[in-house]
Amino acid sequence: MRKDVRILLVGEPKVGKTSLIMSLVSEEFPEVVPYRVEEITIPADVTPERVPTHIVDYSEAEQTDEQLFQEISKANVICIVYAVNNKTSIEKVTSHWIPLITENTDKDSRVPLILVGNKSDLVEHSSMETILPIMNQYSDIETCVECSAKNLKNISELFYYAQKAVLHPTGPLYCPEKKDMKPLCVKALTRIFKVSDLDNDGILNDNELNFFQRVCFNSPLEPQALEDVKNVVRKNLIDGVQHNGLTLKGFLFLHTLFIQRGRHETTWTVLRRFGYDDDLELNQDYLFPPLKIPPDCTTELNHNAYLFLQSVFDKHDKDRDCALSPDELRDLFDVFPYMPWGPDVNNTVCTNDQGWITYQGYLSQWTLTTYLDVQRCLEYLGYLGYSIIAEQESQAAGITATRAKKIDLQKKQTQRNVFRCNVFGDMSSGKSGFLQAFLGRNLMRQKMIKEEHRSYYAISTTYVYGQEKYLLLHEVFPDFDYLTDADMACDIVCLVYDVSNPYSFEYCANVFKQYFMDSKTPCMMIAAKSDLPEVKQMYACSPLEFCRRHKMPPPQSFTCNTAAEPNREIYTKLTTMAMYPHIIQEDLTSSTFWLRASVGATVFAVLGFAVYRLLLKTR
């Protein structure tokens, strides 16, 4: 909502503009009235909407046309004052003032108008019969009020309506000609309904309505008030209430009713609570709340954010198969202005046999987004209504900035849960296969992936000492000319070469010596395509000797050309090295070390899936 309101009063000379302002301030009619009064500021604590209000007077006798045009351009709302006993001043509303204001305001930023009939104490009749056709002709006119500066009649109401026209404008919400809400308003309220429908059954039950009432208006509805609301809808709409809950049609009808009865501040309160601005677009401050990430730190979702995302998954997994079908995924993202996940996501995370994103894959993709682009994660959480449903100040409350990596190295331990592994290798060395194998896909399944749906990332969970951690693999483009600082920033480096290609290892050796030989980033050599006959590498020394000289673990044989899912042991090793980069060479080559690190991985993986199924049954 706006931080202040600027009200401009215009109209013909002697219609009582200055008297209205002075009567409001002094609460009595002034005996002596100047041509105009200087700008008056009414403090927030004495205005109905708790917003500072600036009231600006205009006098043709004291001000130039240029000064008038400047004031029109600065005004948030303009009151066109006429005298109810002066026919000429009424005619000037349409012949002079409205055209003048239209010419001096931006077409894209509509300024609401209020028609003010002053001096009602001098006549016994109302001017409304004359004014109503004008109101119907010009959509910019919010309302009309008749008042008397002398009798103090409707003076406070006049300026309240002016405030309201700015803070709770009718224009963006409602079309008087069609007597219905505008499409953008319907779209916004539909999203609000879907976010508030916590069980996704298409109905707001009593618990959901009470939660909605509490987050929007800070107070629950009494049982009788709740029933009264539903009865109003029942009387006017056949399918507005179903199973004793409010349907989307009923929800939209209620807001139409609020607006038609002049209570559009109720609808605006709801819209603003859910992040909308005056143009019914989601506010940038809502989507991108402040979040400071210190240097050398990464971003992760915290426990509350994961719980929220789990509830969103559960809400849309209607068939309870622990995966999201294309229809379920579209339904989940229906509250977004666009589809955020493309086909490449299905090749970035784990899917089931039908190619649908699993529960684990869903959480993995959110983890990936948070790590790589935390601003986008904030935006996505905003669309889902995280701050409202989780009752947090903003989406930023769901993000954790990890401790600086240099401190982790000093303390020889880390509290992080996501580790990045950059995968280097020459063309056709097996990098893509290595990424896809992490997601449980053998070579046969990988051949079904379309080139345009290919992903250069893969993320899933591994278990180290019984702790679940995320390993994020990133395939780096092999051209040296395109390597960036981002390609160097990671927790562990994976150097992949093809054992059947005699020139494949040379690339890995060159990358290591140029970029990582003097760094503290641990490196692992992967001897890919180990199902093929191994040939001698055309390099000064063998891969095994190279690793020994540079205190790296020996090359790890790997293949994804398997009948079943490829072996995942190598990924546990990578995660362990990323978690404990200070481990000395002897530990890395010790089989007992790797055994300790990977023990229980399969058990924990199965347990994690079983726990989710148990949660579903409980719900």
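The structure presented is a predicted model; accordingly, all values stated were derived computationally and were not measured.

Student: What is the right way to look at the overall build of the chain in this model?
Tutor: Counting its secondary structure elements, the chain contains 26 helices and 21 strands. Seen along its three principal axes, the alpha-carbon backbone of the chain occupies a region of about 105 × 55 × 40 Å. Counting only contacts in the chain whose residues sit at least 6 apart along the sequence, the fraction spanning at least 24 positions is 70%. Carbon and sulfur atoms provide 51% of the accessible area of the chain, an area that totals close to 30200 Å².

Student: Can you walk me through the side chain of N302 in this structure?
Tutor: With respect to the element layout, N302 can be found in the loop between β12 (299–301) and α12 (303–316). Separated by 3.0 Å, the side chain of N302 and the backbone nitrogen of A305 make a polar contact. Sequence-distant contacts of N302, that is, excluding residues within four places in its chain, are made with Y386, A397, G398, I399 and T400.

Student: How should the pairing of strand β6 (residues 141–146) be read in this particular structure?
Tutor: Burial analysis of β6 places five of its six residues in the buried class, the great majority of the element. Looking at chain direction, strand β5 (residues 113–118) and β6 are connected through five bridges and run parallel. By the bridge assignment for β6, L113 is matched with I141. For the segment spanning β5, helix α4 (residues 128–137) and β6, crossover handedness is right-handed.

Student: Which parts of the structure should I look at to understand the nonpolar core?
Tutor: Of all hydrophobic cores here, the largest spans 72 residues; its most connected members are Y362 and W366. In this structure Y362 touches L309, V312, F313, L324, L332, W341 and I357, once residues within four positions along its chain are discounted. Judged by nonpolar contacts, the second largest core, of 29 residues, contains L435, C494, M524 and C560.

Student: Sorry, what's going on with the pattern of salt bridges here?
Tutor: Pairing between side chains of opposite charge can happen when their charged atoms approach one another. Taken as a whole, this structure holds 26 salt bridges when the rule is applied. K249 serves as the salt-bridge partner of D239, at 3.1 Å between the closest nitrogen and oxygen. Pair noted here: D239 is in the loop between α8 (223–236) and β10 (241–242) and K249 is in helix α9 (residues 248–260), with a separation of 10 residues, a long-range link. Overall, D239 belongs to the partly exposed group, its relative accessible area being 27%.

Student: Teacher, can you tell me more about empty space enclosed by the protein here?
Tutor: The gaps of empty space that remain are located by a probe, the size of a water molecule, rolled over the atoms. If you walk through the whole model with that rule in mind, you get one cavity of 30 Å³ or more. Here the largest cavity is characterised by a volume of approximately 90 Å³. Lining the largest cavity are K405, D408, L409, K412, Q413, T414, R416, F419, A578, M579, P581 and H582. Within the residue set of the lining of the largest cavity, elements represented by two or more residues are α17 (405–411) and α23 (569–579). Residues that form the lining of the largest cavity fall into these classes: five nonpolar, three polar and four charged.

Student: Mind showing me how you'd approach the packing of aromatic side chains here?
Tutor: By convention here, two paired aromatic rings are described through the distance between centres and the angle between planes. Taken as a whole and judged by the stated rule, the model has 29 aromatic pairs. Both rings, one in F193 and one in F251, keep their centres 5.6 Å apart while their planes meet at 55 degrees; by these two values the pair is tilted. Of this pair, F193 sits in helix α6 (residues 183–196) while F251 is found in helix α9, placing the two residues 58 residues apart along the sequence. F251 sits in the buried class, given a relative accessible area of 4%. Where F505 meets Y539, the ring centres are 5.5 Å apart and the plane angle is 80 degrees; that geometry is what we call edge-to-face. One end of the pair, F505, is in helix α21 (residues 504–516); the other, Y539, is in the loop between β20 (523–528) and α22 (543–549), and 34 residues separate them in sequence. Note on Y539: relative accessible area 18%, which makes it buried.

Student: Explain α8 to me, please; I cannot follow it from the model alone.
Tutor: Quick reminder: α-helices carry 3.6 residues per turn. Residues three or four places apart thus point the same way. In this model, α8 (14 residues) spans 21 Å end to end at C-alpha, consistent with the 20 Å of a helix rising 1.5 Å per residue. When α8 is considered as a whole, its buried residues turn out to be L226, K230 and V233. Along the long axis of α8, the arc covered by the buried residues comes to 55 degrees, so they all point the same way. Exposed side chains of α8 directed beyond 90 degrees from the buried face belong to Q224 and K235. Where α8 is buried, its residues meet α7 (206–217), β10, β11 (245–247) and α9.

Student: Just to check I follow, could you spell out the sheet that holds strand β21 (residues 556–557) for this structure?
Tutor: Think of a sheet as strands paired side by side through backbone hydrogen bonds, with each pair either parallel or antiparallel. The strand order β17-β18-β16-β19-β20-β21 describes an open sheet built from six strands, whose pairing is mixed. Here the strands that pair on one side only, and so sit at the sheet edges, are β17 (457–464) and β21. Here β20 pairs with β21 via two bridges, running parallel. Note on β21: the bridge partner recorded for A527 is S557.

Student: Explain the environment of L226 to me, please; I cannot follow it from the model alone.
Tutor: By the element assignment, L226 lies in helix α8. Separated by 16 residues in sequence, L226 and N210 place their C-alpha atoms 8.5 Å apart. Setting aside chain neighbours within four positions, we find L226 in contact with D206, L209, N210 and L221.

Student: When you look at the sheet that holds strand β2 (residues 40–42) in this model, what are you seeing that I'm missing?
Tutor: Across the sheet, which stays open at both edges, the six strands sit in the order β2-β3-β1-β4-β5-β6 with mixed pairing between neighbours. Two strands close off the open sheet at either side, each with one partner strand: β2 and β6. Taking the axes of each pair of neighbouring strands and ignoring which way they run, one obtains an average angle of 20 degrees across the sheet. Along the sheet, helix α1 (residues 17–26) contacts β1 (5–11), β2, β3 (53–56), β4 (77–83) and β5; its crossing angle with β1, the most-contacted strand, is approximately 140 degrees. Docked against the sheet, helix α2 (residues 65–74) engages β1, β3 and β4, running at close to 140 degrees with respect to β1.

Student: I keep staring at the environment of T88 and nothing clicks. Help me out?
Tutor: By the secondary structure assignment, T88 is in helix α3 (residues 87–103). Separated by 34 residues in the primary sequence, T88 and H54 place their C-alpha atoms 29 Å from one another.

Student: Explain the pairing of strand β16 (residues 418–425) here, please?
Tutor: Across a regular strand the side chains alternate sides, sitting on one face of the sheet and then on the other. For β16, the tally of buried residues reaches eight of eight residues, placing the bulk of the element in the interior. Of the two faces of β16, the one carrying V418, R420, N422 and F424 and the one carrying F419, C421, V423 and G425 are both buried. Where β16 lies against strand β18 (residues 467–475), six bridges are found, and the strand directions are parallel. By the bridge assignment for β18, F419 is matched with L471. Bridge count between β16 and strand β19 (residues 492–498): five bridges; the pairing is parallel. Bridge assignment links C421 to a residue of β19, and that residue is I492.

Reading guide: rules and limits
- Residues numbered from 1 in each chain as written.
- Predicted model: local features only at pLDDT ≥ 70, side-chain atom pairs only at ≥ 80, totals over all residues.
- Heavy atoms only, no water.
- Helix = DSSP H or I, 4+ residues; strand = E, 2+ residues; numbered from the N terminus.
- Contact = heavy atoms within 4.5 Å.
- Areas by Shrake-Rupley, 256 points an atom, 1.4 Å probe, with all protein chains shown as cover.
- Polar contact = N/O pair within 3.5 Å; in protein donor to acceptor, adjacent residues only side chain to side chain.
- Buried < 20%, exposed > 50% of the residue type's maximum accessible area, 1.4 Å probe, protein only.
- Pairing = 2+ DSSP bridges.
- Right-handed = clockwise from strand over helix to strand, strands pointing away.
- Core = buried A, V, L, I, M, F, W, Y, C linked by side-chain atoms within 4.5 Å.
- Salt bridge = Lys/Arg side-chain N within 4 Å of Asp/Glu carboxyl O.
- 1 Å grid on protein atoms, 1.4 Å probe; cavity = no way out; pocket = protein on both sides within 12 Å on 5 of 7 lines; lining within 4 Å.
- Points joined across faces, edges and corners; volume = space filled by probe spheres on them.
- Nonpolar A, V, L, I, M, F, W, Y, C, P; charged D, E, K, R; others polar.
- Phe/Tyr/Trp six-rings, centres within 6.5 Å; stacked < 30°, edge-to-face > 60°.
- Expected span 1.5 Å × (residues − 1).
- Arc of directions from axis to C-beta.
- Axes fitted to C-alpha atoms, helices over the stretch in contact; angles between N-to-C directions.

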